[in-house]
Amino acid sequence: MSFGQLVFAFFLVLAPLILLHELGHFIVGKRAGIRVLEFGIGYPPRAVRLWRGKGSMLIGSRRVEIPRNFKLPKDLEDGKLVRAVADEIDGRLVLKSINVIEEDAGSTAPSEFGLDESQLYGEVAELNPGTEYTLNWLPLGGFVRFLGEEGITGKGSFVDAPKRWRTATLLAGPGMNVLVAVVVFTATFMLGWPSVPVTIKAVSPNSPAAEAGLQPNDVIVSVGHRPTRSLDQVQAYLNSNAGQPIGLTIQRGGQTLHISLTPRALDQTAQEQAAGVTLIDELPIVITGVSSDSPAAQAGLQPGDAILALDGESIRTVQQMLDYVQSHAGQSINLTVRRAGQRFNVTLTPRTDAEIPAGEGRMGIAFNATGYDLVQYPIGPAFNNTLDEVGNTLQQIVALPAKLLKGGAAAGGDAQIVGPVRISQFAGEALQASVETGQAFWFLNLFAAISLALAITNLLPLPALDGGRLIFVILEAIRRKRISPEREAMVHLIGMAFLLVLMVLVTIQDINAL
């Protein structure tokens with residue numbers, strides 16, 4: 001994937017999700033009465049100020065509304081003496097003009113007011129000039145800047161807001177990401193969710209699967225009377241129904257069979273699933289044509305064959321297959337193929353650039369990647385499936401650290417920390433799959449999953465993240481005493497430095513893995 005494609009994928013996925021995350025903080029913070037200094041699209045340096053929102057201040061004892069984009073004197077601040085004119089609109093005083101003046105013992109407040117305007121004279125207090133909405137040069141999502149994040153106290157400050165509102169504001173960012181995931185998942189189920197075949201790779205002896213008669217290469221088409229959507233769905237259903245009989249519908253050698261089994265309770269240190277089976281989900285690449293004298297023809301491949309895996313690696317996208325075949329040109333590779341319900345392996349050697357005849361590819365096949373059913377769900381079932389999907393995804397993310405510690409997942413395998421570069425690569429591949437198949441699922445599914453991962457990541461109890469800030473609110477509630485805002489700000493600053501160093505290291509890892 002080219003650098004330009006990576007950048008485009010980043011802007012299409014990560015940047016909007018980060019902006020929506022910050023929008024969650026912004027909306028609830030505003031509702032809480034916390035003063036928002038700036039809401040920025042992109043990261044500084046600033047390109048342009050789009051507008052300034054409405055503000056307010058006290059002049060003497062009277063509350064005055066500052067209109068949107070009103071130009072205030074540069075030297076205006078709390079404690080300054082001012083003379084102002086305000087229109088009275090629906091019982092509100094709306095600022096019309098204002099001037100900062102030097103204190104003059106001979107100055108007195110006016111004794112008369114016009115019918116439609118009020119002349120004000122006095123000291124300014126509780127100045128809130130309004131939120132600045134800015135466009136910034138680094139297109140990395142966005143940010144929200146609250147008064148008090150650096151330890152400043154006072155009315156409208158984040159640190160002086162009630163604990164319940166600080167908690168709600170901090171949770172609003174991850175909450176927005178969860179909401180986005182729910183909306184996108186639901187829309188994806190309604191537009192069409194592939195029913196990807198889930199195949200049994202191995203059956204453990206004396207397991208519930210073995211006792212029920214399941215065999216390797218059986219294809220699970222439904223579980224608990226629900227059509228199979230993914231491997232994660234099947235595994236989650238089996239694990240959550242331990243000790244209860246459930247029904248499976250499978251395909252074996254062209255026959256459809258209905259089987260009942262009772263998953264066993266999981267031993268947390270065991271490597272097997274509750275049913276005692278190893279499952280794989282594969283996107284079949286169905287061969288529609290084979291060129292004569294091609295590597296595919298010599299290997300005995302036929303139209304209607306479905307390519308399931310390359311050198312034992314299950315196929316997830318068309319691009320994955322094309323990239324693998326290209327990178328192994330001139331080298332022998334092993335293909336796992338399904339024909340008439342039977343699986344077998346063949347070996348072929350993809351052509352090099354110099355060997356490819358005009359109009360053909362490296363293997364000499366024509367194919368499509370729609371060897372699955374695209375199921376469209378009504379909004380009710382779509383929302384129920386969404387709750388299952390969100391629950392399964394959150395469960396996997398939360399359980400991953402425990403699996404790593406217990407050896408249930410390989411740290412060097414699928415369980416890896418990835419940064420913006422790899423995430424952008426995954427997003428680009430998903431976008432390409434959606435374009436090639438004309439199906440939104442591939443991109444939208446990844447978009448929603450990344451949104452959930454972003455929510456969980458920000459809730460980690462690390463300084464500078466939302467979870468780290470929540471820890472300080474919890475400690476304050478336990479101690480019944482506020483931790484010094486200056487000390488808390490220093491902890492978050494150190495945490496941010498640590499996260500930036502980690503991000504650099506992860507980015508280097510991601511680039512090396514491309």
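Quick notes on the rules
- Residues numbered from 1 in each chain as written.
- Predicted model: local features only at pLDDT ≥ 70, side-chain atom pairs only at ≥ 80, totals over all residues.
- Heavy atoms only, no water.
- Core = buried A, V, L, I, M, F, W, Y, C linked by side-chain atoms within 4.5 Å.
- Buried < 20%, exposed > 50% of the residue type's maximum accessible area, 1.4 Å probe, protein only.
- Helix = DSSP H or I, 4+ residues; strand = E, 2+ residues; numbered from the N terminus.
- Salt bridge = Lys/Arg side-chain N within 4 Å of Asp/Glu carboxyl O.
- Expected span 1.5 Å × (residues − 1).
- Axes fitted to C-alpha atoms, helices over the stretch in contact; angles between N-to-C directions.
- Parallel < 35°, antiparallel > 145°, perpendicular 65-115°, else oblique.
- Contact = heavy atoms within 4.5 Å.
- Nonpolar A, V, L, I, M, F, W, Y, C, P; charged D, E, K, R; others polar.
- Patch = residues over 30% accessible without salt bridge, like charges linked within 9 Å, V, L, I, M, F, W, Y side chains within 5 Å.
- Areas by Shrake-Rupley, 256 points an atom, 1.4 Å probe, with all protein chains shown as cover.
- Phe/Tyr/Trp six-rings, centres within 6.5 Å; stacked < 30°, edge-to-face > 60°.

K.L.:
Could you give me a rundown of the nonpolar core, with the residues and numbers involved?
P.N.:
Grouped together as the largest cluster of nonpolar side chains are 30 residues, with contacts concentrated most on Val13, Leu17, Val180, Phe185, Trp193, Phe447 and Ile450. Those elements that provide at least two residues to this core are α1 (3-12), α2 (14-31), α3 (163-191), α8 (379-406), α9 (420-437) and α10 (441-458). Here this core takes nine residues from α10, the largest share from any one element. By size, the runner-up hydrophobic cluster in this structure holds 17 residues, among which are Ile285, Val318, Val337 and Ile365.

K.L.:
Can you lay out the pattern of salt bridges for me, pointing to particular residues and giving the numbers?
P.N.:
Applying the stated criterion to the full structure yields 13 salt bridges. Notably, a salt bridge pairs Glu38 with Arg145, separated by 3.0 Å at the nearest N-O pair. Here Arg145 lies in strand β7 (residues 132-146) and Glu38 lies in strand β1 (residues 36-52), a separation of 107 residues in the sequence. Each member of the salt-bridge network shares a partner with another, and the members are Glu38, Arg46, Arg49, Arg52, Glu132 and Arg145.

K.L.:
Can you tell me about α2, naming the residues and giving the values?
P.N.:
Given a rise of 1.5 Å per residue, 18 residues ought to cover 26 Å, and the 26 Å separating the end C-alpha atoms of α2 matches this to within 8%. By the burial criterion, the buried members of α2 are Leu14, Ala15, Leu17, His21, Glu22, Gly24, His25, Phe26 and Gly29. In the stretch just after α2, Gly33 is the one whose phi turns positive, near 85°.

K.L.:
Go over the packing of α1 against α9 with me, naming the residues and quoting the values.
P.N.:
Contact pair α1 / α9: the axes reach a minimum separation of 8 Å and the direction vectors enclose 90°. The angle between α1 and α9 places the two elements in the roughly perpendicular class. Taken together, the residues of α9 that come into contact with α1 (itself represented by Leu6, Phe8, Ala9, Phe10 and Leu12) are Pro420, Val421, Ser424, Gln425, Ala427, Gly428 and Leu431. Looking at the contact of α1 with α9 residue by residue, the classes come out as nine nonpolar, three polar and no charged.

K.L.:
Would you mind going over unusual backbone geometry in detail, with residue names and values included?
P.N.:
Between Pro44 and Pro45 the backbone carries a cis peptide bond, its omega angle lying at 15°. You can see Pro45 is positioned in strand β1. The backbone phi angle of Asn206 is positive, close to 60°, even though this residue is not glycine. Among the structural elements, Asn206 can be located in the loop between β9 (198-203) and α4 (208-212).

K.L.:
Please provide a residue-by-residue account of a nonpolar patch on the surface, values included.
P.N.:
There is a patch of nonpolar side chains on the surface, built from Ile41, Val48, Leu50 and Leu135 and spanning about 280 Å² of accessible area. By residue number, the principal contributor to the nonpolar patch is β1, which donates three residues. In this fold, Ile41 is placed in strand β1.

K.L.:
Run through the packing of aromatic side chains, naming residues and quoting values.
P.N.:
The relative placement of two aromatic rings is captured by the distance of their centres and the angle of their planes. Scanning the model with the defined rule gives 12 aromatic pairs in all. Pairing Tyr43 with Phe143 gives two aromatic rings, centres 6.0 Å apart and planes at 70°, and the pair type is edge-to-face. With a gap of 100 residues between them, Tyr43 in strand β1 and Phe143 in strand β7 connect regions that are remote in the sequence. Measuring from ring centre to ring centre gives 6.0 Å for Phe146 and Phe158, while their planes differ by 20°; the resulting arrangement is stacked. Note that Phe146 is positioned in strand β7 and Phe158 in the loop between β7 and α3, a separation of 12 residues in sequence.

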